[in-house]
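Descriptive structure summary
Here is what each chain is made of, one letter per residue.
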Amino acid sequence: MTNSTNNWIECLKKETGLEAKEGTASLQYVLDVDKQEAHQTLAYLKRAGFGQLSLLTCIDWIEQGTFQLIFILMHWELGHHLIVRALLDRENPEFTTITDIYPGAAYYEREVYEFFGVHFRGSAVYQKPLFLERWDDMPPLRKDFDPQAYSDGKFPKREHPHVFKANVVEVTE
Amino acid sequence: MKEVKLFLGPQHPGMHGNYSVHMYVDGDMIKKARPTPGFLHRGFEKLMERRFWMGNLALIPRICVVEPDINEMVYAMGIEALADVDVPERAHWIRMIILELGRLAIHMMSIGGIGGPTGMYTATYWGIAQRDLILDLFEKITGARIYHMYIVPGGVRKDLPEGILEDLAKVLDQLEKNLPEYEELILRHPIIHTRIKDNILLPASVVWELGVTGIGMRSATGAKNDLRKVKPYARYDQVEFDVPTATYSDALTRMNLKYQEMHQSIRILRQVMEKMPPDGPVRTAFSPGSALRYTVPAGMVYTAVESSRGEYGYFIVSDGKEKPYRIAVRGASYAQGLLGIEKYLPGYRIDDASIWMDTMGVCSPEIDR
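Let me sum up the structure you'll find in this document. Bear in mind that the values here come from a model prediction, so they are computed numbers and not experimental data. (Residues numbered from 1 in each chain as written. Chains lettered and ligands numbered in written order. Predicted model: local features only at pLDDT ≥ 70, side-chain atom pairs only at ≥ 80, totals over all residues.)

What follows is about the overall build of chain A. Across its full length, chain A holds 4 helices and 7 strands. Counted from the first residue to the last, chain A has its helices and strands arranged as α-β-β-α-β-β-β-β-α-β-α. Taken against the 2.2 N^0.38 rule, which gives 16 Å for 173 residues, the C-alpha radius of gyration of chain A at 22 Å runs more than 25% over that of a compact globule. Taken along the three principal axes of its C-alpha coordinates, chain A extends 80 × 50 × 30 Å. Relative to its 173 residues, chain A shows a buried fraction of 36%. (Helix = DSSP H or I, 4+ residues; strand = E, 2+ residues; numbered from the N terminus. Rg over C-alpha atoms; globule rule 2.2 N^0.38 Å. Buried ≥ 20, exposed ≤ 12 C-beta atoms within 10 Å, placed from the backbone.)

In structure tokens form, the structure reads like this:
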């Protein structure tokens, strides 16, 4: 398969049986993969020209009890963005690290662990704190995390509540 | 060998924003570097989930402080794609004016900004002064200098004020007249030139390893990987401009590309003034009802624009309600600002660390969010 042709969709279907669908925006495609086959699919896609991992993030579908990992890949020659999605069990979110395919994912994995609590097996560093300092609650981007309650419990109430009042100066002529 | 731990930042004249790097140095060689983000972490992604679609407009420009308009643009593009609304023709062109003026402003700041780490502060003053004239234009158009909240989903907030195109033409003429002077003072000046020539190299293999985009990518690979060309948004497909590239990326090359991009931005803006429709609507509602109760059809979309540092994108998920379900921000400097520092800052000297940050384009607010 050559990088300059537009047939990665067909090749992907022929070789892996997966079908990429058109996304909401133009030049954008969506591909749902199983957690087990995500790794090999990503490796295949990288060879097929998706050389750049633009974003790795996660969605918390709390009502369905799942996390959805999102890998956004970019094919610069065609200008295609591909959103690869994989569902994880919310109770026991585990995934294999993809830093061997996309080394740049190392910090994204740390971020997803910090904000969602997804474990990346095979990575030695994903549990190191990144943005949050001395965080002591559940990962904060999960939907059941309530910032208001956390803040109320963590910080003391103001002794003198702040009242914002305009200081009106009357002008007399 | 004796190692000393040094802190670069979070407050440092050579740092842009509150960002810290822990450097382990031997003599003045950096042996190990650990990026320490989080000083500007304000929890935007969580905050956005708790606000209305339109309410978020006040929030998003703050994600990248120096270049706020790209945030508004990707947010608007995402919502428009999900809601499937067409933006009025004139609004597209007005958006291009805002985006290119923003690019000029940040390039001016960044070209001048090299004066900080190299110790020639005149460059900084000149750059900031020139940028201020662009901010004046922003103030006339949007009412604000830094955070404009002007590009809204469905178009732009208001039409351009009267006479603004004449003002814009004046500012462009003046900028174009001054640019050679900046080149002479900043890019060719012995103090800066000697420090940044053949320094801070970025090979093409590193670009692909880290996922660097924008000027970093174009200066190393020679490919015209500019999102304005590769997948044009707004009306970038209807204007002519070149994408400057290079195949050897040192700090000077990257500064030179910025300088050349400014010429291209001026060229784009002149064409916009010529080609944009003289009047017409500038905004459509993307949902019926009151603006605070706007809803967006369920779905997910990733939108990206070319910022001064590379691909800047939002991944927007809607569940059809009044608030976003999830928004993830792809900061353009994430790649070089975290893994890049950890792997490729070691080997340079302490006094080059600030130049590294500056010319690689590390912007802390968009990394921390």
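This next bit is on the interface of chain B and chain A. Every contact between the two is made by 30 residues of chain B and, on the other side, 29 residues of chain A. Looking at side-chain class alone, the side of chain B that touches chain A contains 15 nonpolar, 7 polar and 8 charged residues. (Contact = placed C-beta atoms within 7 Å. Nonpolar A, V, L, I, M, F, W, Y, C, P; charged D, E, K, R; others polar.)

This next bit is on the environment of B:L82. One can find B:L82 in helix α2 (residues 69-83). For B:L82, a count of 23 C-beta atoms within 10 Å corresponds to the buried category. Separated by 152 residues in the primary sequence, B:L82 and B:A234 have C-alpha atoms spaced 16 Å apart. Beyond its immediate sequence surroundings of up to four residues, B:L82 is in contact with A:T24, B:V296, B:P297, B:G299, B:V301, B:I316 and B:S318.

Right, let's get into the environment of B:E3. Residue and element names in this part refer to chain B. Here E3 lies in the segment before β1 (4-8). The class for E3 is exposed, based on 11 C-beta atoms found within 10 Å. Sequence separation between E3 and K31 is 28 residues; the distance between their C-alpha atoms is 8.2 Å.

As a further point, take the nonpolar core. Counting residues in hydrophobic clusters, the biggest one holds 154 residues, and the most contacted among them are A:F71, A:L73, A:V118, B:V74 and B:F315. Counting residues per element, this core draws most heavily on helix α3 (residues 89-113) of chain B, at 13 residues. The residues touching A:L73, leaving out its near neighbours within four places in the chain, are A:L45, A:F50, A:Q52, A:L53, A:S54, A:L82 and A:V84. (Core = buried A, V, L, I, M, F, W, Y, C linked by C-beta atoms within 7 Å.)

Turning our eyes to something else, we now look at the pairing of strand β2 (residues 28-33) of chain A. All names here are of chain A. The pairing of strand β1 (residues 21-22) with β2 spans 2 bridges and is classified as antiparallel. Within the sheet, the bridge partner assigned to E22 lies in β2 and is Y29. In this antiparallel pair of consecutive strands, β1 and β2, the connection spans 5 residues, and L27 shows a positive phi of 60°. (Pairing = 2+ DSSP bridges.)

Turning our eyes to something else, we now look at the sheet that holds strand β7 (residues 311-318) of chain B. Residue and element names in this part refer to chain B. Pairing within the open sheet is antiparallel, and its 3 strands lie in the order β6-β7-β8. The open sheet is flanked by β6 (299-306) and β8 (326-330), the only strands paired with a single partner. The sheet shows a mean angle of 10° between the axes of neighbouring strands, direction not considered. In this sheet, β8 lies alongside β7 in antiparallel orientation, the contact comprising 5 bridges. What sits directly across from Y314, in β8, is V329. (Axes fitted to C-alpha atoms, helices over the stretch in contact; angles between N-to-C directions.)

Keep in mind these values describe shape, not function.
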